[in-house]
Amino acid sequence: MTHRVVRAPSPEDVEKAVDVVASVLDPSPTVTGKCVLKLETWQPTGSFKVRGALAVLASVGADDEVVAASAGNHALGIAFAATRLGRRATVVVPATASEAKVAALRRFDITLVQHGEQYAEAEAHALELAERGARFVSPYNDPDVIAGQGTLGWELGSQCRGPLTVVCAVGGGGLASGLGLWAATRDDVRVIGVEADAAPAMAEAVRAGRAVPVDVRPTVADGIAANLEPGAVTIDLVSKHVDRLVTVSEEEIGAAVRHLVRTHGVVAEGAGAAAFAAVLAGRIGPVDGRVVAVVSGRNIALPTLAGLLV
């Protein structure tokens, strides 16, 4: 991907996004068990990604257009936000995207384009469309997206008294960056990021100070399994505002998915259960105050869920 220069958001940007998100979404609930669970699975699109999408779509004019490349939670978030706010959006998905995902996107008032066989081809086409006048919206490397994801922290601040250790999954780092910006306004909150063993792209990037390619192996946590965009602002934000990064195995993610279903009746996708997996596996260590695990999404294919529950 071409290196894009993106402005880094500030804690003030996150605070401004709070009113935008709160005008559309009710606070997602918390439940207490082994730790506090922040259930983003209750969002209308099944994922926290709708927060960042709302912040982006609210920032553009009614006659402006945004374009995104995704066949997953980011696409659903953009489609929901564009339809709810009356904005113009184009979502590009590869021709190989599942029929179920395409059907879900067709329910919204957006322009849906199928291009290429792989995600990289769809993304390249989306960037090409953006060069014609639309705004390309990355699922993580965008200041408004990051600010929108950070609104989760402000909700937590009203739901849970500190001190808090907030644990979240890390792929591109949009959620961890947003939560980190919120934590920077508090002296009693820290953030721990969780990657899949199969895709430690952020840890390698933080170590190197820049995006470096890693060998991404197959994982049930496919929502956090990808290399980072060169120049992603999330690398510096995670380095500055996230206390540390840990990894979890496929077996640990599966155990977390099963525990959430059996103990709480909560369905989570692999990436959505990664933070809780780190808690169950004892990766978080001793902390002051309460531990909050963000259960970030529920959009898992039924056959995959069935296989994990066996």
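One structure accompanies this document, and this report is about it. (Residues numbered from 1 in each chain as written. Predicted model: local features only at pLDDT ≥ 70, side-chain atom pairs only at ≥ 80, totals over all residues. Heavy atoms only, no water.)

1. Details of the sheet that holds strand S7 (residues 164–169)
Spatially, the six strands line up as an open sheet ordered S1-S2-S10-S7-S8-S9, and their pairing is mixed. Edge positions in the open sheet fall to strand S1 (30–32) and strand S9 (244–248), since each of these has one partner strand only. The mean angle between the axes of side-by-side strands here comes to 25 degrees, regardless of whether they run parallel or antiparallel. Examined bridge by bridge, strand S2 (residues 36–39) and strand S10 (residues 290–295) share four bridges and lie parallel to one another. From the neighbouring strand, Val36 faces S10, where its bridge partner is Val292. This element, helix H10 (residues 250–264), spans S1, S2, strand S8 (189–196), S9 and S10 of the sheet and lies at about 85 degrees to S9. (Pairing = 2+ DSSP bridges. Helix = DSSP H or I, 4+ residues; strand = E, 2+ residues; numbered from the N terminus. Axes fitted to C-alpha atoms, helices over the stretch in contact; angles between N-to-C directions. Contact = heavy atoms within 4.5 Å.)

2. Quick notes on the pairing of strand S4 (residues 88–93)
When you tally the buried positions in S4, you get five out of six residues, the bulk of the element. Relative to S4, strand S3 (residues 65–69) is paired through five bridges, and the arrangement is parallel. Residue pairing in the sheet places Ala68 in a bridge with Val91 of S4. Taking the sense of rotation as the criterion, the β-α-β connection linking S3, helix H3 (residues 73–85) and S4 turns out right-handed. Two strands pair when backbone bridges link them, and S4 and strand S5 (residues 111–114) are joined in this way by four bridges, in the parallel orientation. What sits directly across from Thr90, in S5, is Thr111. (Buried < 20%, exposed > 50% of the residue type's maximum accessible area, 1.4 Å probe, protein only. Right-handed = clockwise from strand over helix to strand, strands pointing away.)

3. Here's the deal with the pattern of salt bridges
Taken as a whole and assessed by the stated rule, the structure comprises 13 salt bridges. Note that Asp188 is salt-bridged to Arg186, the shortest N-O span being 2.8 Å. Beyond isolated ion pairs, a larger network of salt bridges with shared partners links Lys38, Glu40, Arg51 and Glu155. (Salt bridge = Lys/Arg side-chain N within 4 Å of Asp/Glu carboxyl O.)

4. Considerations on H10
When the terminal C-alpha atoms of H10 are compared, their 21 Å separation across 15 residues agrees well with the 21 Å that a helix rising 1.5 Å per residue should span. In the core, the buried residues of H10 are packed alongside S2, S8, S9, helix H11 (270–280), S10 and helix H12 (302–309). One or two residues past the end of H10 sits Gly265, with phi positive at roughly 65 degrees. (Expected span 1.5 Å × (residues − 1).)

5. Regarding the nonpolar core
Membership of the largest hydrophobic core comes to 34 residues, with the highest contact counts inside it found for Leu37, Leu260, Phe276 and Val279. In contact with Phe276, not counting residues within four places along its chain, are Lys34, Cys35, Leu37, Ala256, His259, Leu260 and Ala293. Ranked by size, the runner-up nonpolar core spans 30 residues in total, among them Leu54, Leu76, Ala89 and Ile110. (Core = buried A, V, L, I, M, F, W, Y, C linked by side-chain atoms within 4.5 Å.)

6. Here's the deal with the state of the cysteines
Structurally, a disulfide amounts to a covalent bond that connects the sulfur atoms of two cysteines. In total, this model carries zero disulfides according to the counting rule given. Cys160 supplies the cysteine sulfur nearest to Cys35, a cysteine that is in no disulfide, at a spacing of 10 Å. In this structure Cys160 comes out as buried when scored by relative accessible area, which is 3%. (Disulfide = S-S within 2.5 Å.)

7. Let's talk about the side chain of Ser177
Its location among the elements puts Ser177 in helix H7 (residues 174–183). Judged by relative accessible area, Ser177 falls into the buried class, the value being 0%. Leave out the neighbours within four places in its chain, and Ser177 touches Ile146, Thr234, Leu237 and Val238.

8. Quick word on the sheet that holds S3
As summarised here, the arrangement of the four strands in space is S5-S4-S3-S6, forming an open sheet in which the pairing is parallel. A strand with exactly one partner marks an edge of an open sheet, and here the two such strands are S5 and strand S6 (135–136).

9. Things to note about the side chain of Asp13
Within the secondary structure layout, Asp13 lies in helix H1 (residues 11–22). Polar contacts involving the side chain of Asp13 include one to the main-chain amide nitrogen of Ser10, which spans 2.8 Å. In contact with Asp13, not counting residues within four places along its chain, are Arg7 and Ala147. (Polar contact = N/O pair within 3.5 Å; in protein donor to acceptor, adjacent residues only side chain to side chain.)

10. Some points on the environment of Ala82
The topology assignment puts Ala82 in helix H3. Residue class for Ala82 comes out buried when judged on its relative accessible area of 1%. Taking the C-alpha atoms as reference, Ala82 lies 33 Å from Val206; in sequence the two are 124 residues apart. For Ala82, the contacting residues outside a window of four places in its chain are Leu57, Arg87, Ala89 and Ile110.

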